[in-house]
Amino acid sequence: MTDTARPPAAHAPGHTEQEAREVAEAAREATWESPSFVRELFEGRFRLDLVHPFPELDAAEAERARPFMEQLERFLRDQVDSDRIDREGKIPPHIVEGLAELGAFGIKIPAEYGGLGLSQTSYTHAIGMVTSHDGNVTALLSAHQSIGLPQPLKLFGTPEQKAKYFPRLAAGAVSAFALTEQNVGSDPAAVATHAELSADGTHYVLNGEKLWCTNGTIAELILVMARTGPKRITAFIVETSWPGVEVVQRLHFMGLRALENGIIRFTNVKVPVENVLWGEGKGLKLALITLNTGRLTLPASCAVAGKRCLEIARRWAASRVQWGAPIGKHDAVAQKLGRMAADVFAMEAVSDLASGMADRGGFDIRLEAAMAKMWNTETAWRIVDDTLQIKGGRGYETADSLRSRGEVPDPVERMMRDMRINLIFEGSSEIMRLFIAREAVDTHLRMAGALIDPRVPRAEKIRTLVKSGAYYAVWYPKLWLGWSHAPRYGDFGALATHMRFVSRTARRLARTLFHCMIRFGPGLEKRQSVLGRLVEIGAELLAISAACARAQQMATADPANHGPVELADLFSRHARRRIEARFDAVFDNDDVATYRVAQQALRGEHGWLERGMVREVAPAPAPAPPSA
């Protein structure tokens, strides 16, 4: 362990699937010390008390946030030219400086350190407002505060670390998060960036290269994940002004064209031992815990982006006349508008529920956050797609082009480009499904996992069989019992039927998950499409519950406004149809045939399908990283 120069690793260290799984298992939160609404759903229990009454933003908190929200809205409207930012691919310096003066870089940082000290809900509302105007500014602020240094520092920082870095962060020192590498996406076991303790024990020597580091090209501070042992990943607070930190390249993307995202290289960077965050070997767990709240920005952003889409679509559908009537009067468009309105209501309910749970405390929201991220981003993508379809050619045309010929410059084309990344940011939809599925079967793995583990001795398997048999003899019959018909949930009025549906469907979901475990055994983890359908059912149940609980709260506050109940009812009707279709496809599907064809395609057996194209020259391989 010396300061001898060592080049960044050219590739990730070799590791097996089992080793990757062990690293992931070691990083996950193994216990459930607080209740989780979604986890209870997968266990077959509908814990209405966890979502009802729907969490409201405290009046005092709303009043504290109001001046900032008003200033932020005015600043965005008057100062931020989103089309120019998209055109030039850069957020002008005066915008970044103005946001810093408003306090937008320290929304959740405690006031004693110079931040605004606002709640998670106020933060997500602020970021949602930003998204309604410009996705690039959202990415800047969100990457800084949701997954950058402020959130993990708040959760895991020492008093000394907080005193040193919080004031800088709140004042506008941009931060970034660096985990992804050339060979590291969803498999953190492949991290090649490494840090070695110096001989005198005063600092680590950091070497490696990080890919797709959002804010990395302008950041002053980066939270870097590096290997400090065979199965140890550690989080380091790194200042970009230190010798050896290099921005190799700024990267460019389909959307978010002002995204300050790049390749960052670390060559013999001396990181003081006091800049280890939380402790050696805890980096991956830190990242996963941080994302429990960090992911909540995207659901809020998608909900408000959905509102903007609804505004654009309904305005156009009311004014555009074809065949003697506004196009919104024609059923094909009306169906899109109706679904859009219902989905926007549900998206906001899901987002506010998850943020409210985070603020209230006493909940384990890892599943709620993951589901909100997965469901809202996928729903928002469908909404922006429908918006473009409703606007037709004017949706495909750029705002600048529309403006040049006197049309309303609705930025639908830009919104579509910017929003596509949301299904990949902070955990792709596929990874979210796998993450949620793993947690959904947690009880079963703890209770009977030894039965399907080939490494477990026979004697232990027998003991596990006896123990699990006793457990399931009580647990399973309960999934066929229960009362979910009238008059239960009567205080929900017209929405009671949907709450009863959630109650009985939670038991059906738990039964189906159990049946899948019996049918597929150890192979269930490979049946990702099956698991995905079960996760999607859980997400729809969460959305129905959130929408109905929020509608009931709003109806109580303002009985004259029937809109919330109508929207929640329509959304629940649609969601119930989607749920039934997914249940039908759990065991009756074409997954095996599809997988077989996919493997044939991988082997090139259907290469004849690719005939008739212009044959492109194969790209040259990427150059090897430079040696020291």
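Since the model is a prediction, treat every value here as computed from it, not as a measurement. (Residues numbered from 1 in each chain as written. Predicted model: local features only at pLDDT ≥ 70, side-chain atom pairs only at ≥ 80, totals over all residues. Heavy atoms only, no water.)

Along its length, the chain carries 23 helices and nine strands. The C-alpha atoms of the chain give a radius of gyration of 26 Å, which matches the 25 Å a tight globule of 628 residues would have. Across its three principal directions, the C-alpha atoms of the chain cover 75 × 75 × 65 Å. When the 628 residues of the chain are sorted by exposure, 54% land in the buried category. If you take every contact in the chain between residues at least 6 apart in sequence, the share linking residues at least 24 apart comes to 76%. Summed over its atoms, the accessible surface of the chain is roughly 28,400 Å², and 56% of this surface lies on carbon and sulfur atoms. For the chain, the centre of its 77 positive side-chain charges and the centre of its 75 negative side-chain charges are spaced 5 Å apart. (Helix = DSSP H or I, 4+ residues; strand = E, 2+ residues; numbered from the N terminus. Rg over C-alpha atoms; globule rule 2.2 N^0.38 Å. Buried < 20%, exposed > 50% of the residue type's maximum accessible area, 1.4 Å probe, protein only. Contact = heavy atoms within 4.5 Å. Areas by Shrake-Rupley, 256 points an atom, 1.4 Å probe, with all protein chains shown as cover. Lys, Arg positive; Asp, Glu negative; His and termini not counted. Charge placed at Lys NZ, Arg CZ, Asp CG, Glu CD.)

Chain-level pLDDT for the chain is 93 on average; 95% of the residues reach the 70-or-more range. With pLDDT under 50 throughout, residues 1-13 is counted as low confidence; its partners more than four residues away or in other chains account for 37 contacts. (pLDDT = per-residue confidence, 0-100.)

Right, let's talk about the nonpolar core for a bit. Counting 91 residues, the largest nonpolar core has Phe37 and Phe571 as the members making the most contacts within it. Looking at this core, the element that brings in the most residues is helix H21 (residues 528-557), giving 15 residues. Tyr165, Phe166, Met225 and Leu286 belong to the second-largest nonpolar core, a separate cluster that totals 30 residues. (Core = buried A, V, L, I, M, F, W, Y, C linked by side-chain atoms within 4.5 Å.)

Right, let's talk about the pattern of salt bridges for a bit. By the definition in use, this model includes 48 salt bridges. Linking Glu73 and Arg77 is a salt bridge whose minimum nitrogen-to-oxygen distance equals 3.9 Å. Linking Glu73 with Arg77, this pair stays in helix H3 (residues 59-79), spanning four residues, or about one helical turn. Judged by relative accessible area, Glu73 falls into the partly exposed class, the value being 41%. According to the relative accessible area criterion, Arg77 is exposed, its value standing at 52%. The salt bridge involving Lys391 is made with Asp410; its shortest N-O contact spans 2.9 Å. With Lys391 in helix H13 (residues 366-391) and Asp410 in the loop between helix H15 (399-404) and helix H16 (412-419), the pair connects residues that are 19 residues apart, well separated along the chain. (Salt bridge = Lys/Arg side-chain N within 4 Å of Asp/Glu carboxyl O.)

Side chains on a regular strand alternate between the two faces of the sheet. Of all nine residues in strand S4 (residues 221-229), nine are buried, a share of seventy percent or more. For S4 and strand S5 (residues 232-239), the ladder comprises eight bridges, and the chain directions are antiparallel. Pairing of Gly229 across the sheet is with Arg232, part of S5. The hairpin turn running from S4 into S5, its antiparallel successor, is two residues long. (Pairing = 2+ DSSP bridges.)

Moving on: a nonpolar patch on the surface. A cluster of nonpolar residues, Leu445, Leu451, Ile452 and Leu465, forms a patch on the protein surface that exposes about 310 Å² of accessible area. Here Leu451 lies in the loop between helix H18 (442-448) and helix H19 (458-478). (Patch = residues over 30% accessible without salt bridge, like charges linked within 9 Å, V, L, I, M, F, W, Y side chains within 5 Å.)

On to H19, then. Residues that lie three or four places apart on an α-helix share one face, since the helix turns once every 3.6 residues. A rise of 1.5 Å per residue sets the reference length of H19, with its 21 residues, at 30 Å; its end C-alpha atoms lie 30 Å apart and thus fit the reference within 8%. Of all the bends in H19, the largest measures some 30 degrees and sits at Tyr472. Here H19 has its buried residues at Thr464, Ser468, Tyr472 and Trp475. Looking at the packing, one finds that the buried side of H19 touches H18 and helix H20 (496-520). (Expected span 1.5 Å × (residues − 1). Bend = angle between axes of the 7 residues up to and from the residue.)

Along the chain, the position of Thr377 falls in helix H13. Side-chain polar atoms of Thr377 contact the backbone oxygen of Lys373, separated by 2.7 Å. If near-sequence neighbours (up to four positions away) are discounted, Thr377 is found in contact with Leu298, Cys302, Ala372, Asn422, Leu423 and Ser429. (Polar contact = N/O pair within 3.5 Å; in protein donor to acceptor, adjacent residues only side chain to side chain.)

This part covers the packing of aromatic side chains. Scanning the model with the defined rule gives 14 aromatic pairs in all. A ring pair is formed by Phe156 and Trp278, whose centres lie 4.2 Å apart and whose planes are at 25 degrees; its orientation type is stacked. Of the two residues, Phe156 sits in helix H8 (residues 150-156) while Trp278 sits in the loop between strand S7 (261-272) and helix H10 (283-294), which places them 122 residues apart along the sequence. Overall, Phe156 belongs to the buried group, its relative accessible area being 13%. Between the aromatic rings of Tyr476 and Phe514, the centroid separation amounts to 5.4 Å while the plane-to-plane angle is 45 degrees, which identifies the pairing as tilted. (Phe/Tyr/Trp six-rings, centres within 6.5 Å; stacked < 30°, edge-to-face > 60°.)

All right, on to the state of the cysteines then. Here a disulfide denotes one covalent bond, and it connects the sulfur atoms of two cysteines. Per the counting criterion, the structure on display carries zero disulfides. Note on Cys309: no disulfide assigned, nearest cysteine sulfur contributed by Cys302 at a separation of 9.9 Å. (Disulfide = S-S within 2.5 Å.)

It is worth spelling out the environment of Ala104 at this point. Position of Ala104 relative to the elements: it lies in the loop between helix H5 (93-102) and helix H6 (120-131). As a C-alpha pair, Ala104 and Val271 span 167 residues in sequence and 28 Å in three-dimensional space. Leave out the neighbours within four places in its chain, and Ala104 touches Phe68, Leu99, Leu141 and Gln145.

So, about the packing of helix H11 (residues 297-319) against helix H12 (residues 331-360). Two elements in contact, H11 and H12, have axes separated by 9 Å at closest approach and are oriented at 155 degrees. Compared by their axis directions, H11 and H12 come out roughly antiparallel. The two elements H11 and H12 cross, and the hand of that crossing is left-handed. Contact residues: H11 offers Pro299, Ala300, Cys302, Ala303, Gly306, Lys307, Cys309, Leu310, Ala313, Arg314 and Ala317, while H12 offers Val333, Leu337, Met340, Ala341, Val344, Met347, Glu348 and Ser351. (Axes fitted to C-alpha atoms, helices over the stretch in contact; angles between N-to-C directions. Parallel < 35°, antiparallel > 145°, perpendicular 65-115°, else oblique. Left-handed = near helix turned anticlockwise from the far one by under 90°.)

Here we take up unusual backbone geometry. The peptide bond linking His52 to Pro53 adopts the cis configuration, its omega dihedral lying at 5 degrees. In this structure, Asn215 is a non-glycine residue whose phi angle is positive, near 75 degrees. Turning to its location among the elements, Asn215 is positioned in the loop between strand S3 (203-214) and S4. One non-glycine residue, Asn268, lies in positive phi territory at about 50 degrees. According to the relative accessible area criterion, Asn268 is partly exposed, its value standing at 23%.

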